[in-house]
Amino acid sequence: MDPALALALLISSLNLVTGANDPSTFLDFGDDFIFGLAWDSFQFEGSPPLDKNNNTASNTQRWCEWALNGGQDTPYMEICGDVVAGGWTHMENDVSLLRSMQMKHVNGQISWSRVYPNGMGGEMNETALLKYDNMLQSMKDAGVEVWLSIDVAGVDFPAIYKEEFGAWLDERMVNEYVSWATFLFDRYSSQVTNWFSFHEPDTFCSTVVNTWRYNAPRPNENDTTTMDYQHDHYNCIHNMLRGHARFSRHIKASGLENATLSIISGADWPIPNTESDADIAASDRLMIWQLGSWIEPTVTGDYPPEMRAAAGDRLPQFTNEEKEMLKNSSTYAGVDHYTNQIVEAKDVDNVYCEYNVSSLQDAMTSDICINYYLDCDDERCGPLVNPEGGDKMSYFRRYPEGLGNVLRWMGKRWPGMKLLVAENGVGLDECSNGEATRSSQNYLA
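Conventions used here
Note on numbering: residues in each chain are counted from 1, in written sequence order. Residues qualify for local features only when their pLDDT is at least 70, as the model is predicted, and side-chain atom pairs are given and counted only at 80 or more; totals for whole chains, interfaces and linings, by contrast, use all residues. Here the side-chain values reflect all heavy atoms present in the structure, with hydrogen atoms and water set aside. The axes used here are C-alpha line fits, helices contributing only the stretch in contact, and every angle between their N-to-C directions lies in the interval 0 to 180 degrees. Put simply, DSSP marks the helices as runs of H or I at least four residues long and the strands as runs of E at least two long, and each gets a number from the N terminus on. Between two residues, a contact is recorded if the distance between any of their heavy atoms is within 4.5 Å. For salt bridges, the criterion is a side-chain nitrogen of Lys or Arg within 4 Å of an Asp or Glu carboxyl oxygen. Using a 1.4 Å probe on the protein chains alone, a residue whose accessible area is under 20% of its type maximum counts as buried, one over 50% counts as exposed, and one in between counts as partly exposed. Cysteine sulfur atoms that pair up within 2.5 Å are treated as a disulfide. The arc refers to the directions leading from the helix axis to the C-beta atoms. The pLDDT value expresses, per residue, how confident the predictor is, ranging between 0 and 100. Definition used in this section: a nonpolar core is a set of buried Ala, Val, Leu, Ile, Met, Phe, Trp, Tyr and Cys residues joined via side-chain atoms within 4.5 Å. Residues forming no salt bridge and having over 30% relative accessible area are the ones grouped into patches, like charges within 9 Å of each other and nonpolar side chains (Val, Leu, Ile, Met, Phe, Trp, Tyr) within 5 Å. Each accessible area is a Shrake-Rupley estimate made with a 1.4 Å probe; only the visible protein chains count as cover when residues are assessed.

Student: Could you clarify how one ought to interpret the packing of helix α9 (residues 232-254) against helix α10 (residues 277-295) in this entry?
Tutor: In helix packing, the relevant descriptors are the interaxial angle and the interaxial distance, both defined with respect to the helix axes. Running from amino to carboxyl end, α9 crosses α10 at an angle of 35°, the nearest separation of the two axes being 10 Å. On α10, the residues touching Tyr234, Ile237, Met240 and Leu241 of α9 are Trp289, Ser293 and Trp294.

Right under this line is the structure:
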C-alpha cells in the first residue's frame, strides 16, 4: 500500500462489513488500520430534554435551537433532535452490541451542554456525568477503546456563551473550552488515551458563522452589526486553535506519554475544472484552506504561508508562546471525507483575489479566489449517491478516487504525519436503492 495513504483509519460506518455482524467478514487492510464506529452527542444521544415551555434547559445546546427556529420565522429542521438515535436511553444496550460485534474502537463525545448546561461556572449535572462514567467503564470492560472528541462541529457548547459574547468569535471562549477539555482529560485519562480537540470545527467556522444560522452578539459591545465578514471566519479558527494549543500543553504536562491529541477537519476533493495551471492551483488552494488552516498550525506552529499571503492582516497572529504550543501538537492529521466538487480559478491572472469589503462576502471564501461547486456529471464526478433527489445527500457523489487523492495530498503536504479518516460513507436509511452499500464498498475497495 502507498505509505502516503494512511497509517490509521477510524471510520464511522457499519458499512465496513460485507456481511451482517460476523467479524470474520470484516475487510482486512492489515495491522496498520484501525476500524471502529462513532457517535457524537447530538446525532447519537439527542439534545438535552425539553422543559414544559418547549425549551431545553436554559436553551443549553445550539443544535436544538437552530433545528427549531434556524434564526428565521420557519423551522430549519422542524424537529429539535431530542431523540435521534436514542443513544442516551439505550447506552447500555449499545455497549452490549459493540461487544457482540467484537468492535474494538469507538470515536465518541461527551456533551458539554449536558454536563454543564449553564457553562463552566454553573452547576454540574452529576447524574449525566455519572452515566458517562459508567458508559466509559463499561466500554473499557468490554475491550472497546474510546477515542474521545472534546467538541464536534464546534457547536455543542452551553448556549450562554453564544448569548453573552458570541462564543468562538470571542477569545473568552478559549478559557471556557480549555476548562472543559482539561476537566474531561483529568477525569478520564485513565480510560481514554486518544483525544481530538475538535472534530469538524470547519462546520462551525465556515457554515454556521457565515450564514443566517448564527446571529450572535459582537465581541465589541459597541459593534451592533450581525456579521463581520472580514474577520469572523478567521477569528473563529484562531480561537479554536488557541484552545487546542493550551489543551495540548495540559496533556504534555500530565506526563502521560501515550496520550495523543489531534484535530479532524472536513474536506471535499476539489477536481480542477480544466488541466490549466490556474485551475490546478485553485484546487490546491481549496485543500490548503480546508485542511491546512486546521492541520498545518499543529505541525509548524503557524498558518500555511499561502493563507498569510492572501489574508494579510485579516489573519490573526499567534504569540511566540502559542506557536511553540501548537508546533507538533497533533499526533494524527484527521479528515472527514464524503464527496467531491469541481473548482476553477476565479481570476486566472492573479493567484489571490483582492478582498472587497463592500461585497459582504466571507473573506476566507474570497481569499481562496475560486469558483466552486460547479456543475458536474457522473463521468467527471461519479454517480449521485441519492439520484432521487430531495434534501438527503442531494449533492453527494460516489467518487472513491477522491478519498485517495485527499490522503495523498495530506501525505505530500505533511510527510511522515500519521493520517486518520474519521468519517466516510452514507447512512443506510437515507438511500433505498442500495447506493449506500455500493458507495461504502467502492470507497474501501
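Student: Mind showing me how you'd approach the pattern of salt bridges here?
Tutor: Should the charged atoms of two oppositely charged side chains come close, the side chains can pair. Scanning all chains against the criterion turns up eleven salt bridges. With a closest N to O distance of 3.1 Å, Arg114 and Glu45 form a salt bridge. With Arg114 in helix α4 (residues 112-115) and Glu45 in helix α1 (residues 41-45), this residue pair connects regions lying 69 residues apart in the sequence. The same class applies to Arg114 as to Glu45, namely buried. For the salt bridge of Arg172 with Asp170, the shortest nitrogen-to-oxygen distance reads 3.0 Å. Among the residues examined, Arg172 registers a relative accessible area of 42% and is labelled partly exposed. Each of Glu171, Arg242 and Glu322 takes part in salt bridges that share partners, so that together they form one network.

Student: Just checking my understanding: could you explain the state of the cysteines for this structure?
Tutor: Working definition of a disulfide: a covalent bond connecting the sulfur atoms of two cysteines. A full pass over the atoms with the stated rule returns two disulfides. Put simply, Cys205 and Cys236 are joined by a disulfide, and their sulfur atoms are 2.1 Å apart. On the sign convention where negative means left-handed, the S-S torsion of about -75° between Cys205 and Cys236 marks this disulfide as left-handed. Placement of Cys205 in helix α8 (residues 202-208) and of Cys236 in helix α9 is noted, with a sequence separation of 31 residues between them.

Student: I keep staring at helix α3 (residues 91-100) and nothing clicks. Help me out?
Tutor: Three or four residues apart is the spacing at which side chains of an α-helix point the same way, because the helix has 3.6 residues per turn. Listed in full, the buried residues belonging to α3 are Met91, Val95 and Leu98. Around the axis of α3, the buried residues are gathered within 55° of arc, so they sit on the same side. The secondary structure elements touched by the buried residues of α3 are β2 (37-38), α1, β3 (105-109) and α5 (126-141).

Student: What is the right way to read the confidence of the model for the protein from this model?
Tutor: Interpretation of this model should avoid reading the predicted coordinates in detail wherever pLDDT is low. Per-residue confidence for the protein gives a mean pLDDT of 80; residues scoring 70 or more make up 72%. Confidence drops under pLDDT 50 across residues 70-76; counting only partners more than four residues distant or on other chains, this segment forms 16 contacts.

Student: How should the nonpolar core be read in this particular structure?
Tutor: Within the largest apolar cluster, 102 residues are counted, with the highest numbers of intra-cluster contacts made by Trp180, Trp195 and Met410. If we skip the residues at most four places from it in the chain, Trp195 touches Leu148, Ile150, Leu184, Phe185, Tyr188, Ser189, Phe247, Thr260, Leu261 and Ser262. Counting seven residues, the second largest nonpolar core, distinct from the first, contains Trp147, Phe196, Tyr332 and Ala422.

Student: I would appreciate a short explanation of a nonpolar patch on the surface in the present structure.
Tutor: Taken together, the side chains of Tyr372, Tyr373 and Tyr395 make up a nonpolar region of the molecular surface, amounting to roughly 340 Å² of accessible area. For Tyr372, the position within the fold is in strand β10 (residues 370-372).

Student: Would you explain the environment of Ala333 in this entry?
Tutor: Here Ala333 shows up in strand β8 (residues 332-336). For Ala333, a relative accessible area of 0% corresponds to the buried category. C-alpha of Ala333 to C-alpha of Glu296: the two residues are 37 residues apart in sequence and 9.0 Å apart in space. Residues in contact with Ala333, not counting those within four places in the same chain, are Ile263, Ile295, Met410, Trp414, Met417, Lys418, Leu419 and Leu420.

Student: Teacher, can you tell me more about the side chain of Ser265 here?
Tutor: Following the sequence through the fold, Ser265 ends up in strand β6 (residues 260-266). Excluding residues that lie within four positions of it along the chain, Ser265 makes contacts with Glu200, Asp202, Gln290, Leu291, Trp294, Gly334, Val335 and Asp336.

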